[in-house]
Amino acid sequence: MLRFSLLWLVVLFLSLSSSSARPAPFAMRISCGAHETVQTPPTYARWYKDFGYTGGIPANATLPSFVTPPLKTLRYFPLSEGPENCYIINRVPKGHYSVRIFFGLLEQPEIDNEPLFDVSVEGTLIHSLKPGWTNHDDQVFAEALVFLLDGTVSICFHSTGHGDPSIISIEILQVDDRAYYFGLEWGKGVILKRTSRLTCGTSKPKFDEDYSGDHWGGDRFWHPIRTFGQNADEPRSTERSIKQASDAPNFYPEALYQSAVVSIDGQPDLAYTMDVDPNKNYSIWLHFAEIDDSITGAGQRVFDVLINGDIVFENIDVVDMSGDRYTALVLNRTFAISGRTLTLTLRPKKGNHAILNAIEVFQVIASESKTSPEEVRALQALKKALGLPNRFGWNGDPCVPKEHPWSGADCHLEKSASMWFIDGLDLDNQGLGGFLPDDISKLRHLQSLNLSGNTIHGAIPSSLGTVTSLEVLDLSYNSLNGSIPESLGQLTALRRLNLNGNSLSGRVPAALGGRLLNGASFNFTDNAGLCGIPGLHTCGPHLSAGAKVGIGFGVSLSFLLLAVCSVCWWKRRQNILRAQQIAARGAPYAKARTHLSHDIQMSRHHHNHGHAHDIQIARHHHNHGHARTAAENGPSLLS
């Protein structure tokens, strides 16, 4: 009975533990250019076959570094596909994510073997590849921590004219919502771009997965640095377990704290310098654990931490602040860097030596405001309707990153709404065809629209008259037909209207014609069917669209009645002619019968008045004369 009770308690404990365990984080890994899903050693991570791309060409890949995932393909984006190309990944749960992109090289020697391009996530520029990136393991990928809130993520690649962007893999890995919290500026409007992540005192590069780290850590890559300089420090390592390492919200791997660098007597300051972008804010994370056997308690090693010569942490005693030896301690500070270098210095105050286990440096980037979703959809509808060539790109966000707006689109930021809007479209002489969709009216902030010099056909949508901000409308030299919508007369801000060189017809709306007297510049020439204003021919009686439909219906009905009457007349004429033909065939027989009837009547008349003699004579002649038989007389037409 006791054994059964113990077994029941164990089962209950395990079930409670499993029910309270945190679910696995969302993870999406894409093998770009791949036609099938694969798994790669040593962790057998699952890489999904390629999807979600807006263009590009799959190809075989050359891996630029041994830290690059061992995948065989990539997707590259030649300039003919447009200057902006993206991956749009849907069904991403709302949360905080590490987004990582590995770059690749084409197996084609005639193509630039080290392309340089920009990378953006959710419209915010996070990385620009620099010459020589293929020679540095920590530069073969870009990584950023970003909040994804609308169920999707856009990752875009922007050509800079130096080779075709080539992408081997994309990873979208969920992390804790509070990961890397660094103060009041931290939040959903901030992106942390990885600048550097170093593990000290070792020469083995590792990912969190290699360290058997918690999946909620985001599988970070740690670049090894065994020493900061020749004869400047010494490495330290231990196999003892480290306490408080894998705690929320950052979930650092325990092995990260099992190696370190320690300064030496001849060089007591421990210093490291890295290149950074100037005039940016950086979030700096320093990792410590006292793993040096020579330190047995608090107060034996105390040092200050300086960034570019300024003290940011004073009197750091790792044993005292962490609570014990072999216990993790993480310190964070956000610092503004004006120059192009960041120098980290640990200056001993007691013990003559400083210790450091790992460094993380992130550039703090304010997330770009996005373009109005309604106006993005309107532009996408216009792109489809006009058959916009691939060379335009028009992928991702039209207005951001600000360094790479869509070709032909002008934007303005409405700060009160924290949103970008389209205020101009300039697509003249671009060889466009197709038609103007009604969705163009959803560009409600449009001030200038120039589509001249193309071959756009169809009617001018009347909904265009609802874009009341429109000041310039140039649709000249296209193949537009139909009438000018009356709604264009509602555009009171319109000061220049060019509709010349089309196939428009009908009366120019009076509201537009009257504006010519107020100094507006309107051009309606070279439209053979237009009328109603000076410079165009005089219109006939003006008929509304309803009247034109009524006239058309009346004419059609008249033709129908005329056709019915003609058929009836023809049938009646045929009946009359048939009757006349029958009567004509029976005329000789009818004449003979008439003569016979007359003879009979005359005979009866003589009999009634006592002329029996004549009757007898008549009978004698009838019986012995040459009278016709009934057959000879033909059919009786009087019976």
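Residues numbered from 1 in each chain as written. Predicted model: local features only at pLDDT ≥ 70, side-chain atom pairs only at ≥ 80, totals over all residues. Heavy atoms only, no water.

A. Spatial organisation of the overall build of the chain. When its secondary structure is counted, the chain shows 7 helices and 36 strands. Taking all 639 residues of the chain together, the buried fraction comes to 46%. Residue pairs in contact within the chain that sit at least 24 positions apart in sequence constitute 71% of those at least 6 positions apart. Element-wise, carbon and sulfur atoms account for 54% of the exposed surface of the chain, whose accessible area totals about 32,600 Å². (Helix = DSSP H or I, 4+ residues; strand = E, 2+ residues; numbered from the N terminus. Buried < 20%, exposed > 50% of the residue type's maximum accessible area, 1.4 Å probe, protein only. Contact = heavy atoms within 4.5 Å. Areas by Shrake-Rupley, 256 points an atom, 1.4 Å probe, with all protein chains shown as cover.)

B. Focus on the confidence of the model for the chain. Averaged over every residue, the pLDDT of the chain is 86; the share at 70 or more is 84%. Low confidence marks residues 1–20, where pLDDT is under 50. Its contacts with residues over four positions away, or in another chain, come to 0 contacts. Contacts from residues 589–639, a stretch scored under 50 in pLDDT, to residues over four places away or in other chains number 22 contacts. (pLDDT = per-residue confidence, 0-100.)

C. Spatial organisation of the packing of aromatic side chains. Enumeration over the complete set of coordinates arrives at 20 aromatic pairs. Plain terms: the ring middles of tryptophan 394 and tryptophan 406 are 5.0 Å apart, the flat faces sit at 20 degrees to each other, and that makes the pair stacked. Taken together, the positions of tryptophan 394 in the loop between α3 (373–386) and β27 (409–414) and tryptophan 406 in the loop between α3 and β27 put the pair 12 residues apart, joining distant regions of the chain. Judged on exposure class, the residue tryptophan 394 and its partner tryptophan 406 are both buried. Among the aromatic residues, those joined into a cluster by ring pairs are Tyr53, Phe77, Tyr87, Phe103, Phe117, Trp133 and Phe157. When the ring centre of tyrosine 181 is taken as reference, the NZ or CZ atom of arginine 178 above it lies at 4.4 Å. In this structure, arginine 333 packs its charged tip against the face of phenylalanine 313, placed 4.6 Å from the ring centre. (Phe/Tyr/Trp six-rings, centres within 6.5 Å; stacked < 30°, edge-to-face > 60°. Lys NZ or Arg CZ within 6 Å of the ring centre and 35° of its normal.)

D. Local environment of the environment of leucine 491. Among the structural elements, leucine 491 can be located in the loop between β32 (479–482) and β33 (496–498). The class for leucine 491 is buried, based on a relative accessible area of 0%. Through-space distance from the C-alpha of leucine 491 to that of threonine 466 is 7.5 Å; in sequence the pair is 25 residues apart.

E. Spotlight on unusual backbone geometry. Put simply, proline 41 and proline 42 share a cis peptide bond, and its omega is 0 degrees. Residue proline 401 is bonded to the preceding valine 400 through a cis peptide linkage, with omega at 0 degrees. Note on placement: proline 401 falls in the loop between α3 and β27. The phi dihedral of tryptophan 394 falls on the positive side, at around 50 degrees, and the residue is not glycine.

F. Representation of the pattern of salt bridges within the structure. Tallying each qualifying case throughout the model produces 26 salt bridges. Across the salt bridge formed by arginine 301 and aspartate 292, the nearest N and O atoms sit 3.3 Å from each other. A relative accessible area of 3% means that arginine 301 is categorised as buried. Between lysine 349 and glutamate 314 there is a salt bridge; the shortest N-O distance is 3.9 Å. Of this pair, lysine 349 sits in strand β24 (residues 341–350) while glutamate 314 sits in strand β22 (residues 310–316), and the two are 35 residues apart along the sequence. Owing to a relative accessible area of 42%, lysine 349 belongs among the partly exposed residues under this scheme. On the basis of relative accessibility, which here comes to 51%, the residue glutamate 314 falls in the exposed class. Each of the salt bridges in this network shares a partner with another, and the network as a whole consists of Glu234, Arg236, Glu290, Asp292 and Arg301. (Salt bridge = Lys/Arg side-chain N within 4 Å of Asp/Glu carboxyl O.)

G. Fine view of a nonpolar patch on the surface. A contiguous nonpolar surface patch, about 360 Å² in accessible area, is contributed by Leu557, Leu560, Leu561 and Val564. With respect to the helices and strands, leucine 560 occurs in helix α5 (residues 545–608). (Patch = residues over 30% accessible without salt bridge, like charges linked within 9 Å, V, L, I, M, F, W, Y side chains within 5 Å.)

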